[in-house]
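One letter stands for each residue in the lines below.
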Amino acid sequence: MAAVTVRLPDGSTREYAPGTTARELAESVGPRLARAAVAASFDGDLVDLARPLIDGTEVAVVTADSAAGRDVLRHSTAHVLAQAVLRLWPGARYAIGPVIEDGFYYDFELPGRAHFSDDDLERIAAEMRTIVAEDQPFVRHEHTIEEGLGLFAEQPFKREIIEAVGAGTDEVDAAAEGAATGQVSTYWNSPSFTDLCRGPHVPTTGRLGHFALMRVAGAYWRGDEKRPQLQRIYGTAWESEKALAEHLHRLEEAERRDHRKLGAELDLFSFPEEIGSGLPVFHPKGGLVRRLMEEYSRQRHAAAGYEFVATPHISKAELFETSGHLDWFADGMFPPMELDGGQQYYLKPMNCPFHVLIFKSRQRSYRELPLRLFEFGSVYRYEKSGVVHGLTRVRGMTQDDAHLFCTREQMAGELHETLTFVLSVLRDYGLEDFYLELSTRPEDKAVGTEAEWEEATETLRTTALAMGLELVLDEGGGAFYGPKISVQAKDAIGRTHQMSTIQLDFQTPQRFGAEYIGADNARHQPIMIHRALFGSVERFFAILLEHYAGALPTWLSPEQVRILGVRDDHDAYAGEVADRLRSDGVRVGVVPADEKIGARIRRAKVEKIPYILVVGDADVAAGTVGVNRRGSEGDRRGVALDAFAGELAAEIAERRLPEAASDRPPG
RNA sequence: GCCUGAGUAGCUCAGUCGGUAGAGCAACGCACUCGUAAUGCGUAGGUCAGGAGUUCGAUUCUCCUCUCAGGCUCCA
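Here is a short report on the structure shown in this document. What you are looking at is a predicted structure, and each value in this text was computed from that prediction instead of being measured.

What to know about the pattern of salt bridges
Counted according to the given criterion, the structure contains 45 salt bridges. A salt bridge links D635 to R637, with the nearest nitrogen and oxygen atoms 2.6 Å apart. Note on R637: relative accessible area 70%, which makes it exposed. Each member of the salt-bridge network shares a partner with another, and the members are K285, E559, R562 and E607.

This is how it looks when you write it as structure tokens:
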């Protein structure tokens, strides 16, 4: 047979004897590459290192420290997890074990419908280490559908996957398991363990080991609430002990920034049990931050031509029948209150029907359009008990909600202006890294015709593309009344949060019979654009808190400056400094010298106050202050009070953001 | 709503194989008068989430409820 010729990623070509494997290729390139290799890719398709080279393909060696390589490690570790569980729970059924961001999971059904407990994780991890030490090979086999069904006769979940592959009914599995070939592949580890899998895998289990099992959870088979709930184990795996440790450290960092923890530590808000789940109260400092957020928002909205409205929290049932909410989302609403005459009232889950009624309150002319109505509107949604989460998923919240009414001709321009406005305001709060997501018609829940949806979706797409930001498609993710664009923002530690949404709605004006008189003297239906910028004040508060790890920019800090006299005979001067700054509108606190200066500085640091001013003998004599700025090394002594005040006033007026949204860990 | 855990002082946590509890920090009092991340001593603080059951006796064991955490499902 002729030699096989392959191209390498650097463009060079090499010849090998027929039957040469990817592993042998790696070895021929260099021993270090061979050691780092976990898989290979042939023309971009990931394959095992044991796969023979194919003539004319481009071959790349996949190393453990690449994204694709980590996926291979994680997938292989998931197999080891399944093998360990089957050893410890003979007769367990195993379902699927895919790779997810930063790790993997595997779903099981244990004999006698038993459950994993947290303590089991340690036993399972120990068994996994044994399997790693055994250095078992991952041996690939191809089977027909019938052979596959026979192999997994005792494994109903595997059989279901194989049947779906055979029937080509499940696109996801078909792609994953290779339906195009009408075959399934398996990986054999030991006489006692074979798993259905497309692969590739590392050559042997000995290649693994830098993993941690994170938690156990219940998860529905196929993600379907109506199907059996399986036992899921989440784990993470990395190419080295160092990479694993770094990952665990990142998790700790996220935990340190958790807004629920910061909210308690900084005395911003709490969730009194007596009030109920998902119903927060804001304490004075949190209330102040919230007010500052809202004030700046109002200021920007006023400047952008929005008009402020106010609407009640409850309404007759008919309003939500007209809007369609009772048809589609009654489950998400609090149950109705019934009055004497049998009239039912609901807490409002949204503000839009109220704003439509304001539009409809009198005859409208095209000359009034676009009409932009804005409100900080409190809404109540009955979130299921298991989903309530801190300030990000609550049962009562305040939306910064606006509804824009415009003509069809104005629609594109309004969308563009709105998106520009939204991004500009978000940037002022310190979020700067964005991409856009376009959500299209949901399959089951939707009102309106295909044509209307198509037109609305296209308009949104055009607007989004004009922003020059990355646009991601979210198929079927729209609301029941229209498609939407959402702004996704990355925070300081790289997590993505869905921020503002802009939704087009042809339906609500129709349902409510909202009309305006056009230049042609005829009645027309306005286009309605729903728009929330923060989403909810509560959620935005949480995101900002986590983004800044509690160290809010000076303009948003509840206490901007704390003044400390060195001795108690400096307290009078500290008071004068405070009065001077307060006259500029600065929020100042003074703590008298009944504790050592070091202790009071520490307290102020723990409270993440942007500026600590220390004043002593020299300052009293010279009219100066010692400036200790949050996040900077050391302090500046003998700064003239006027100079500091001027600099601070400028920082606040410009809403300057901190250079880095990180701070020193306490202690 | 479902699965797995958890709830002990304001916070972080220890403890009780069933005999009603303890530390550090915080709070309060006294002393210390001090120049950039914790001065010392003392005092007070708990229906051991709530309810029911078993028991001579329950914070501890059982059941129910509430709340929280991590997932699943959901998220107009």
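Observations concerning the nonpolar core
Membership of the largest hydrophobic core comes to 55 residues, with the highest contact counts inside it found for M293, Y429 and F540. If one sorts the elements of this core by residue count, helix 14 (residues 408-428) sits on top with eight residues. In terms of nonpolar packing, the next biggest core, distinct from the first, is built from 49 residues, L73, L86, L196 and L213 among them.

Concerning the sheet that holds strand 19 (residues 344-347)
If you trace the three strands from one edge of the open sheet to the other, you get 17-19-18, paired in antiparallel fashion. The open sheet has two free edges, formed respectively by strand 17 (314-316) and strand 18 (337-338), since each of these has just one partner strand. Bridge count between strand 18 and strand 19: two bridges; the pairing is antiparallel. Within the sheet, the bridge partner assigned to M337 lies in strand 19 and is Y345.

Observations regarding the side chain of R364
Along the chain, R364 falls in strand 20 (residues 364-365). Its relative accessible area of 7% is what places R364 among the buried residues. One polar contact links the side chain of R364 to the main-chain carbonyl oxygen of F359, over a distance of 2.7 Å. Apart from the residues within four sequence positions on either side, R364 is in contact with I358, F359, L371, E515, Y516 and I517.

Section: the environment of I96
For I96, the location among the structural elements is in the loop between strand 6 (93-94) and strand 7 (99-100). Residues I96 and F157, 61 residues apart in the sequence, show an inter-C-alpha distance of 8.1 Å. Apart from the residues within four sequence positions on either side, I96 is in contact with Y105, Y106, D107, I161 and W221.

Considerations on the packing of helix 14 against helix 15 (residues 450-466)
Contact geometry of helix 14 with helix 15 gives a least axis separation of 9 Å together with a crossing angle of 40°. It follows from the interaxial angle that helix 14 and helix 15 lie oblique. For the crossing formed where helix 14 meets helix 15, the hand is right-handed. Of helix 15, the residues touching helix 14 (which contributes R408, M411, A412, L415, H416 and L419) are E455, T459, L460, T463, A464 and A466. Split into classes, the residues belonging to the contact of helix 14 with helix 15 amount to seven nonpolar, three polar and two charged.

Observations concerning the pairing of strand 33 (residues 624-629)
Note on strand geometry: in a regular strand, side chains alternate between the two faces of the sheet. Where burial is concerned, most of strand 33 is hidden: five out of the six residues are buried. In terms of strand pairing, strand 32 (residues 611-615) meets strand 33 through four bridges, oriented antiparallel. When the bridges of strand 33 are listed, I612 appears paired with N628. Judged from the three bridges that link them, strand 33 and strand 34 (residues 636-640) form a sheet pairing that is antiparallel. Of the residues in strand 34, the one forming a bridge with T624 is A640. Taking the residues between adjacent antiparallel strands as the criterion, strand 33 and strand 34 are bridged by six residues, where G631 takes a positive phi near 85°.

What counts and how
- Residues numbered from 1 in each chain as written.
- Chains lettered and ligands numbered in written order.
- Predicted model: local features only at pLDDT ≥ 70, side-chain atom pairs only at ≥ 80, totals over all residues.
- Heavy atoms only, no water.
- Salt bridge = Lys/Arg side-chain N within 4 Å of Asp/Glu carboxyl O.
- Buried < 20%, exposed > 50% of the residue type's maximum accessible area, 1.4 Å probe, protein only.
- Core = buried A, V, L, I, M, F, W, Y, C linked by side-chain atoms within 4.5 Å.
- Helix = DSSP H or I, 4+ residues; strand = E, 2+ residues; numbered from the N terminus.
- Pairing = 2+ DSSP bridges.
- Polar contact = N/O pair within 3.5 Å; in protein donor to acceptor, adjacent residues only side chain to side chain.
- Contact = heavy atoms within 4.5 Å.
- Axes fitted to C-alpha atoms, helices over the stretch in contact; angles between N-to-C directions.
- Parallel < 35°, antiparallel > 145°, perpendicular 65-115°, else oblique.
- Left-handed = near helix turned anticlockwise from the far one by under 90°.
- Nonpolar A, V, L, I, M, F, W, Y, C, P; charged D, E, K, R; others polar.

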